[in-house]
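# Observations on the three-dimensional arrangement
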Amino acid sequence: MKVELRMGEWMINMGLVGLYRVFEYGQKQGIIDDEYKNSMVIQPWGIELDTNVLPQLPRAYFLYLLDEYSVARRESEKLDTYMEQAKKEEQFKNAVSSIKKTMEIGKKVLKYYPNKELEHVLEQMKQIKKYEQFEILTDCVRSFKEVLHEPEVNEKLTFNYFKATILQAFFGQVSFLNVSKNNLNLEEHIEEFQKSYIVPVVCDLGLEQVLKQATSSEEVHAFLDQHKDYKVFKQWKRGWKKKDIVQIREDVKTKLNHCLFFHEHIAFYNFEEMVFSPIGVAKDNAFNFSWHFQDDQPKPLSSLAKMVLFFAPIGVAVYFKTEGVNGQTQPRLYAGFVQTDATFSEILQKNNHFKQLKKQKEPFNKIVSQLIQGIQKESDYVVEHLFFLEFFSEYSSKKTHLHYYHLPMYLAHYFKRYANKLDYIKPYDYREHFVQHVLRGADPIYVIYHYLRDCIKSGKSMIGPYIAVRERNRIMQFKKGVKDMTAADKRVSALFHQGREIRKAMIQSSGSDKKVTSIAYRLLNAAKAGNKKSFMDTLFRVYMSVDRPIAPIFLNALHERDLDFATVANAFISGLLADQYKEEQEEVQA
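This write-up is about the structure you can find in this document. (Residues numbered from 1 in each chain as written. Predicted model: local features only at pLDDT ≥ 70, side-chain atom pairs only at ≥ 80, totals over all residues. Heavy atoms only, no water.)

## Looking at the overall build of the chain
Put simply, the rule is: To qualify as a helix, a DSSP run of H or I must reach at least 4 residues; to qualify as a strand, a run of E must reach at least 2; elements of each kind are numbered from the N terminus. Here's how the labels work: a residue is buried when its accessible area is under 20% of the maximum for its type, exposed when over 50%, partly exposed in between, all with a 1.4 Å probe on protein chains only. Note on definitions: a residue-residue contact is assigned when non-hydrogen atoms from the two residues lie within 4.5 Å. Areas reported as accessible are Shrake-Rupley estimates using a 1.4 Å probe. Residue values count occlusion only from the protein chains shown.
If you tally the helices and strands in the chain, you get 27 helices and eleven strands. Overall, the chain is about 100 × 65 × 45 Å in size when its C-alpha atoms are taken along their principal axes. Evaluated residue by residue, the chain yields a buried proportion of 53% over its 590 residues. Considering only contacts within the chain whose residues lie at least 6 apart along the sequence, 69% involve residues at least 24 apart. As displayed, the chain has an accessible area near 28800 Å², and 49% of this comes from carbon and sulfur atoms.

## Considerations on the environment of Ala520
Here Ala520 lies in helix α23 (residues 514–529). Residue classification places Ala520 among the buried residues on the basis of a relative accessible area of 0%. As for Ala520 and Phe572, which are separated by 52 residues in sequence, their C-alpha atoms are 9.4 Å apart. When sequence neighbours within four positions are dropped, the list of residues in contact with Ala520 reads Ile456, Leu576 and Leu577.

## Details of the layout of surface pockets
Put simply, the rule is: Cavity and pocket criteria rest on a 1 Å grid covering protein atoms alone: a 1.4 Å probe that fits but cannot get out defines a cavity, protein on both sides within 12 Å along at least 5 of 7 lines defines an open pocket, and an atom within 4 Å of a point defines a lining residue. Grid points are joined across faces, edges and corners, and a volume is the space filled by probe spheres set on the points. Three classes are used: nonpolar for Ala, Val, Leu, Ile, Met, Phe, Trp, Tyr, Cys and Pro, charged for Asp, Glu, Lys and Arg, and polar for all others, with Gly counted as polar.
In this structure, the largest pocket encloses a volume near 1100 Å³. Around the largest pocket sit 33 residues that line it, and Val318, Tyr319, Phe320, Lys358 and Lys361 are the ones nearest its centre. Listing elements by their share of the lining of the largest pocket, those giving two or more residues are α2 (57–68), α3 (71–86), α14 (312–315), β8 (317–323), β9 (330–339), α15 (344–359) and α19 (428–439). Of all the elements, β8 adds the most residues to the lining of the largest pocket, at six residues. Considering only residue class, the lining of the largest pocket consists of 15 nonpolar, four polar and 14 charged.

## Concerning the sheet that holds strand β1 (residues 2–6)
Defined as follows: Paired strands are those between which DSSP finds at least two bridges. Working convention: axes come from line fits to C-alpha atoms, limited for helices to the stretch in contact. Angles between N-to-C directions cover 0 to 180 degrees.
Ordered in space as β1-β3-β2, the three strands form an open sheet in which the pairing is antiparallel. Looking along the sheet, the strands with just one partner apiece sit at the ends: β1 and β2 (40–43). Shown here is a sheet whose adjacent strand axes are inclined to one another by a mean of 20°, direction ignored. Looking at chain direction, β1 and strand β3 (residues 46–50) are connected through five bridges and run antiparallel. Counted as the bridge partner of Glu4 is Glu48 from β3. This element, α15, spans β2 and β3 of the sheet and lies at about 100° to β2.

## Focus on helix α16 (residues 364–371)
Most of α16 sits out of view: six of its eight residues are buried. Within the sequence span of α16, burial applies to Phe364, Asn365, Ile367, Val368, Ser369 and Leu371. At its buried positions, α16 is contacted by β9, α15, β10 (387–394), β11 (399–406), α18 (409–418) and α19.

## What about unusual backbone geometry?
For the bond running from Lys426 to Pro427, omega is 5°, close enough to zero to count as cis. Tracing the backbone shows Pro427 in the loop between α18 and α19. Of note, Ser175 is a non-glycine position whose phi angle comes to about 50°, a positive value. Within the secondary structure, Ser175 sits in the loop between α8 (151–171) and α9 (186–213).

## Some words on the pairing of β8
Burial along β8 is one-sided: Ala317, Tyr319, Lys321 and Glu323 are buried, and none of Val318, Phe320 and Thr322, which face the opposite way, are. Pairing of β8 with β9 involves seven bridges; the strand directions are antiparallel. Across the sheet, Tyr319 pairs through a bridge with Tyr334, a residue of β9.

## Some details on the pattern of salt bridges
Selection criterion: Throughout this description, the term salt bridge denotes a Lys or Arg side-chain nitrogen within 4 Å of a carboxyl oxygen of Asp or Glu.
Per the stated rule, a full pass over the model turns up 27 salt bridges. Note that Asp251 is salt-bridged to Lys255, the shortest N-O span being 3.8 Å. Residue class for Asp251 comes out buried when judged on its relative accessible area of 7%. A residue is classified by how much of its surface remains accessible, and Lys255, at 52% relative accessible area, is exposed. The salt bridge partner of Lys398 is Glu273, with a shortest N-O separation of 3.5 Å.

## Topic: the nonpolar core
Put simply, the rule is: Here, the term nonpolar core denotes a set of buried Ala, Val, Leu, Ile, Met, Phe, Trp, Tyr and Cys residues that are joined through side-chain atoms within 4.5 Å.
Within the largest apolar cluster, 121 residues are counted, with the highest numbers of intra-cluster contacts made by Leu5, Tyr61, Leu137 and Phe162. Contact partners of Leu137, with chain neighbours within four places excluded, come to Met83, Ala86, Phe92, Val96, Ile99, Met125 and Ile128. Judged by nonpolar contacts, the second largest core, of 80 residues, contains Leu411, Leu495, Ala571 and Ile573.

## Section: the packing of aromatic side chains
Spelled out, the test is: Centres within 6.5 Å make a pair out of two Phe, Tyr or Trp rings, where for Trp the six-membered ring is used; the pair is then stacked when the planes are under 30 degrees apart, edge-to-face when over 60, and tilted otherwise.
Per the stated rule, a full pass over the model turns up 48 aromatic pairs. Each ring, one from Tyr69 and one from Tyr161, has its centre 6.1 Å from the other, and the planes form 50°; the classification is tilted. Of the two residues, Tyr69 sits in the loop between α2 and α3 while Tyr161 sits in helix α8, which places them 92 residues apart along the sequence. Like Tyr161, Tyr69 is buried. On the numbers, 5.4 Å between centres and 50° between planes, the contact of Phe193 with Tyr197 is tilted. Separated by four residues within a single helix, Phe193 and Tyr197 lie in helix α9, roughly one turn from each other.

## Re helix α6 (residues 116–127)
For the record, the criterion: Take the number of residues in a helix, subtract one, and multiply by 1.5 Å to get its expected span. Comment: arc refers to directions from the helix axis out to C-beta atoms. For the purposes of these results, a polar contact is taken to be a pair of N or O atoms within 3.5 Å, where, inside protein, one atom must be able to donate a hydrogen and its partner to accept one; residues adjacent in sequence count only when each atom of the pair is a side-chain atom.
With twelve residues, α6 extends 17 Å from end C-alpha to end C-alpha; this agrees with the ideal 16 Å at 1.5 Å per step. Inspection of α6 places Leu118, Val121, Leu122 and Met125 among the buried residues, and these make up the whole buried set. For α6, the angular spread of buried residues about the axis comes to 95°, placing them on one side. Within α6, the exposed residues directed more than 90 degrees away from the buried face are Lys116, Lys126 and Gln127. One side-chain oxygen at the N-terminal end of α6 lies 3.0 Å from the backbone nitrogen of Glu117; it belongs to Asn115.

## Some thoughts on the packing of α23 against helix α24 (residues 532–545)
Applicable threshold: Here the word oblique covers every angle except those under 35 degrees (roughly parallel), over 145 (roughly antiparallel) and from 65 to 115 (roughly perpendicular). Two helices cross in a left-handed way if the nearer one is turned anticlockwise from the farther one by less than a right angle. They cross in a right-handed way if the turn is clockwise.
Where α23 meets α24, the axes come as close as 8 Å, and the angle between the chain directions of the two elements is 155°. By the angle between their directions, the pair α23 and α24 is classed as roughly antiparallel. Like other packed secondary-structure pairs, α23 and α24 cross with a definite hand, here left-handed. Along the contact surface, α23 presents Lys515, Ile519, Arg522, Leu523 and Ala526, while α24 presents Ser534, Phe535, Thr538, Leu539, Val542 and Ser545.

## Side note on the packing of α9 against helix α10 (residues 217–226)
Running from N to C, α9 and α10 cross one another at 170°; their axes reach a closest spacing of 10 Å. Judged by the inter-axis angle, α9 sits roughly antiparallel to α10. Contact with α9, carried on its side by Cys203, Gly206, Leu207, Val210 and Leu211, involves Glu219, Val220, Phe223 and Leu224 of α10 and no other residues of that element. Looking at the contact of α9 with α10, its residues break down into seven nonpolar, one polar and one charged.

Below is the structure:
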């Protein structure tokens, strides 16, 4: 039987991308038989699926995850990096400390699989402290990696990792993700997947076909008897016992719900936490979705949609993202996806590219720039309807952080022209926060305030704050419809150079940069509070102290005709904090 899996909401599109990735992987690895090679066909609207391939998918699903999140490969790559560091005597101590920390996973291995050699390695590691023991360290690391790469060890560790870290964030403790199923092996996981996701789809689609083609109620009853172990059918088997085919079809029209996502299919399930934890609501708590607070299916879902959603974790890019700034940071595991109104093949291609870039740890500005490369004028509609979404979900605390990053046309033009200029914003976290604020439609001014305060506090002298101020102003100009940035850039650059000149004059007169730091704090506080009077008062005093006339461009701080107050203030403060950089002088003029 062939069914149409049409694109729709972003979570379904995630599932479709994941489903096709698993199918593609299964074909390449020989997991899916050649006779099923045409079982999934990409169409502009989604995927045309031949249901005969369904029993082949669970094995491909788990082997894909075991390959993608292999703990043995991940930990070995870490150890190789630390061993390169350990070759240098001055880094040996720190490298050994990192290696010992990485090898703590060995305790988990011993818990499941007693291993004398591994026990010996962990004991030996306790004695390694000096550079002269490098050869012993090499032998220990090699032996440890061999143990990790043993198939049963890697399988167990990797299953534990992706179930607890990846899948549970999407589905909680449903089916084989329940803690009571932690001891299942690969074959038992496949069997559980078949029972929970594949059998319901086969049964429900079979019922739909019978209901369409049956000429008598006996055919429907025969089908229900054939699948009597499928719990969902029991209620309808009783209800249709004394009804003819006309009455049964009337019941299907009036009493059976249809799926939220695949509207032509009947729905025996509900869109809730156990189906998609990030935004699902438990059925018993979904009062706002129910008629008269009595509906058992506030958000009806077909078994087909439920299965597609189970492939969503494979359809996203998974990466760690640091939240917070100024030392108050927390790394969290995010799932990211690119959504657009283009064809399914383009959504698949963009998400494959996005995943590849995230694996390479490319910054967000480069990712956005590369994803919109080649977009021509006739594709403006596609750009307008392109957005990124990412979410962090924690099932145990019922918490989800969901971010939408829309890409309006003015931002698309900005990223095509100036994305590489953001590379000067360092460290990386500030650049990421800047870009993500912009994509959310928020003003990145508070990122700049934090950035400037961090530079003042740490005594760092860098070009990054100036670049952040200039790029924010460029984005504001693009939003207004301005195409030529020459005049605006010259004004920002002039303010930056005013700050540099005042810094130089103050250091020459006092012999120290302490006064510069004090003034920078005062100006930044005034700028952040939007206090123009306080800012201009401090500015006049600074210029008078070094016997310099104040530049007319600062009038923009009052009337904001050419530049807004925040740009004027921050460009000047950036200059006040910056030393001379030969390699970046050209960029300052750009």
